[in-house]
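These are the residues of each chain, in order.
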Amino acid sequence: MTSVAESSDYVGRDRSWSRSVDEVLAELAVDPTVGLDTAEADRRRVRFGRNQLRAAKRRSVASIFLDQFKSVVILLLVAAGGLAVLFAEPIEGLAIFAVIAINATIGFFTEWRAVRSMEALGRLGRIETVVIREGLVKRVPAEGLVPGDIVICEGGDIVTADMRLIEAAKLQADESTLTGESMPVTKMTEPLPTDTPVMDRQNIVFKGTAITRGSGKGIVIGTGLSTELGRISELVTEAEAQQTPLEKRLDALAQRLVWAVLVLGLLIAAAGVLAGRDTYLAIEVAIALAVAAIPEGLPIVATIALARGMWRMAKQNALIARLSAVETLGATSVILTDKTGTLTENRMTVTAVRTADADIAMAGSGSVAPAVIAEGAQEPQGNALSLLDELLTAATLCSNASLSVEPEGAVQGVGDPTEVALLIAAAARNIRRDALLEQYPEVLELAFDPETKRMATLHAKGDATLVAVKGAPETVIPICSSVLSIEGAAPLSEAERRDWAEHAARLGERGLRTLAVAQKTTSNAAGDAYADLMLIGIVGLEDPPRRGVKDAIRQCRDAGISVVMVTGDHAATAQNVATELDIVAAGAPAERFVEGADLARFLADADLTDLEAVRVFSRVSPEQKLDLIDFYQQHEQVVAMTGDGVNDAPALKKADIGVAMGIRGTAVAKEAAAMVLEDDEFPTIVRAVAQGRTIYENIRKFVVYLLSCNISEVLVVSIATIVGAPLPLLPLQILFLNLVTDVFPALALGVGEGSPVLMKAAPRPFDEPVLTGSHWTRILLHGFVIAATVLSAMAIAVFQLGFDADHAVTVSFCTLAFAQVWHVFNMRDDIRRLIKNEITRNPWIWAAVAVCILFVLAAVYLPLPRDLLKLSDPGAAGWLVIIGMSFVPLAVAPIVRLIAPRGLAP
Ligand code: ATP
């Protein structure tokens, strides 16, 4: 047999299902305990390529540069420049080209940064795979897998390459991504007949599918495009950069403006000619204005702002999967959050146990405490302790967790924290899982089912079978027919069942997570495990609320975002934690709480007011989470939803913002989510929402700023034309302002850090346009104020200072230039705060202001630009007018806001 080391055309997936594990290992020349070494992996990567379905398309520097010239506006300018060079004033034509060059350079650098930043962000969220290489267990990016790699997989993982299984323990995979069939497929390692169809190859796991439970090891036989997914998938297209809804809207806005501006340009040119101006000048003015009014940089600035926001969120432990999620985050109106681990620490400790004969307060602590019984609590008598041991034994058997106990008592638990807590409590009573399993080997596990909220394990006990069950009291107590007491098993009456359920509810009211533990010994191993059980008792586990959550919930309330707990836990437990965290007020009315069992009825009858009242949904199954999201969405809410398990994936996908937990979450959940919290902390969601709002408002500020500057120029020229005054702005001056100076403050606005005001207003309606009526009013008013100021400055220069028309143009140009620079400070959220606000705190703004001042001074005092822009030294008196008048729009801004308010929202 040729090994992969020699053959160059190896296609690993061919017939490996029909060969034995040893044959496949030999063919791929790998020892499963050692794995490949790095050098060999690199060699194979060169031969077989990276393990990816889409070739990452890197935009080259040249293409980014060329894209700067692919706009109507630039082409228009090039034409104008060309005409000028050929027919009228060659120097002016060259100046137009210089302006285009400067603008293209700025555009190039901003876009280049945005593109590279996006690429780097793409690398942040890469999926990792656990492999054995060079004898060590390592995490490597899934893209780096090569045929022959030995991969370790377990429940919750995404399969990252096609693999022939070499070990499988209770391994099941959800292959619905490939087959559409949602029932998990059981996997094994034995060879299969050669003609087994792809989807029946049970000894292979396929790229893109999910391991739902169990664990195993596989050897990679196909990567990237040579996987089944690669062959059938439509994903095999080049990654197209997708526009986010916001970018699309901005694009549409820019498009609409183009038409409006072209019409306007024509009108102004016609008016100019009618007013007796030189035709060439009239056309040039029209072109310059058209260029002025077309905010063609809008989409790219949006991209920059979004990408920067993503970086900032990543630094705060919120990894965003898609750019579009950033803007959706800002509109989030409801956060549906799970409880355990997100609102609470997920550090469980058993603190209460009830058996038929005693209530035992356990000494809850994270390690094996020498004292089992809580201090001050009544010491149970010998027999009561034996019932406790029975309960802990059954709970220990019915488990997937493991525990290592060090001599000084410190413990290291692996697995579900609920189960680890039970193992710790058991270890304190000297009950160890490994010892128990020797006595009662496990035969079968009926894994925890989040729908029924219980699990069972079957063990050999001599000739009979021992069934150990644990789960939510509501689902375990009803299937018990007897109860264990000191005297032995006694029948369980209906009244006693109610009594036990009430007791469980009381534990829940103390905020404890509750579990009932039961068992039976049966000779019929094939019978229903969940019937005819003997109840041993109830356990209460404490899980303290996380620090910082209460604060974050208050911030949400201020920001008009509803926080709703959606949990699989008992109603009473949920209610207690919700009250403690201020999700509901103490003594809140019943309509704040809905139980899973009543959910269908509730959703059928409820309207938005009912829905808005609810703060806690308890005993909810993963499927019901989908219904809930659907219902909220139908009521026009933007829903963020947290989750961590494989079962949560559909809900995470369906939510507007699926939020997966980075530490606790499965790879499947992370894949489905739009955002991954690296620290599993609820407050991180709130910070991300704040960022989302900031980014959206920054983009708005940017648009409002640019448009009001542009409008002011259009108004200055139009009004002067209408009243027959000399032109206060020459075409090149307009270009200079728009393509050079305005750009800097606008870009700086795009990357601001935002203000606290943003989290005091209600979320923006999702379908609200980028610019509302009130924003348009502001744009017009600001534009009008600036234009009036510039025309007045020019009038003062002519009539008061006696400047001639040419000289006066310097005054109007400089007044406009500075007024526009100061105008950036009018973009603050809270108009009352002139000195201390998010704009003055933004260092980029100050840099932009400095650059603009320098540019204007250079234009006035350096010979070449001065001649080109036809400027002259305005002298002390001229400067006085310029500086004085340029501050007028800053002073008038509060009045503009008064006329066009937007409630609390900026
Ligand atoms: P949360 O919103 O708090 O994260 P969840 O929806 O993840 O909750 P589950 O972990 O499904 O809730 O737990 C729901 C109930 O199922 C628990 O209250 C408990 O009674 C029971 N339960 C949880 N874990 C186990 C387990 N490992 N074995 C048996 N029963 C369990």
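Scroll up for the structure.
Conventions adopted
Residues numbered from 1 in each chain as written. Predicted model: local features only at pLDDT ≥ 70, side-chain atom pairs only at ≥ 80, totals over all residues. Heavy atoms only, no water. Core = buried A, V, L, I, M, F, W, Y, C linked by side-chain atoms within 4.5 Å. Buried < 20%, exposed > 50% of the residue type's maximum accessible area, 1.4 Å probe, protein only. Helix = DSSP H or I, 4+ residues; strand = E, 2+ residues; numbered from the N terminus. Contact = heavy atoms within 4.5 Å. Near = heavy atom within 4 Å. Polar contact = N/O pair within 3.5 Å; in protein donor to acceptor, adjacent residues only side chain to side chain. Areas by Shrake-Rupley, 256 points an atom, 1.4 Å probe, with all protein chains shown as cover. Nonpolar A, V, L, I, M, F, W, Y, C, P; charged D, E, K, R; others polar.

**Things to note about the nonpolar core**
The nonpolar side chains of a soluble globular protein tend to be buried with one another. Core analysis: the largest hydrophobic core is formed by 129 residues, its most contacted members being M675, F682 and I699. Per-element accounting of this core gives the leading share, 18 residues, to helix α24 (residues 682-723). Excluding residues that lie within four positions of it along the chain, M675 makes contacts with A318, L319, I320, L329, G658, V659, A660, I685 and A688. Grouped together as the second largest cluster of nonpolar side chains are 55 residues, L387, L397, I477 and A504 included.

**Digging into helix α26 (residues 743-750)**
Counting buried residues along α26, 7 of its 8 residues qualify, which places the element largely inside the surrounding structure. What α26 keeps buried is the set V743, P745, A746, L747, A748, L749 and G750.

**As for the side chain of T573**
Mapping T573 onto the fold places it in helix α18 (residues 571-580). Non-local contacts of T573, meaning those with residues more than four positions away in its chain, are made with K339, G508, E509, G511, L512 and R513.

**A word on the site of the ligand**
Of all residues adjacent to the ligand, which total 19 residues, the nearest are K339, T340, T514, G568 and D569. In this structure, a nitrogen atom belonging to the ligand sits 3.0 Å away from a side-chain N or O atom of D416. Burial of the ligand by the protein amounts to 90% of the accessible area it has alone, namely 620 Å². Every element with two or more residues in the shell around the ligand is listed here: β16 (464-471) and β19 (513-522). Broken down by element, the residue count for the shell around the ligand peaks at 3 residues, all from β19. For the shell around the ligand, the per-class residue count stands at 5 nonpolar, 5 polar and 9 charged.

**Focus: the side chain of T721**
Its location among the elements puts T721 in helix α24. The exposure class assigned to T721 is buried, which follows from its relative accessible area of 6%. Here V717 takes part through its backbone oxygen, which lies 2.6 Å from a polar atom of the side chain of T721. Those residues in contact with T721, other than ones at most four positions away along the chain, are A271, G272, A275 and R277.

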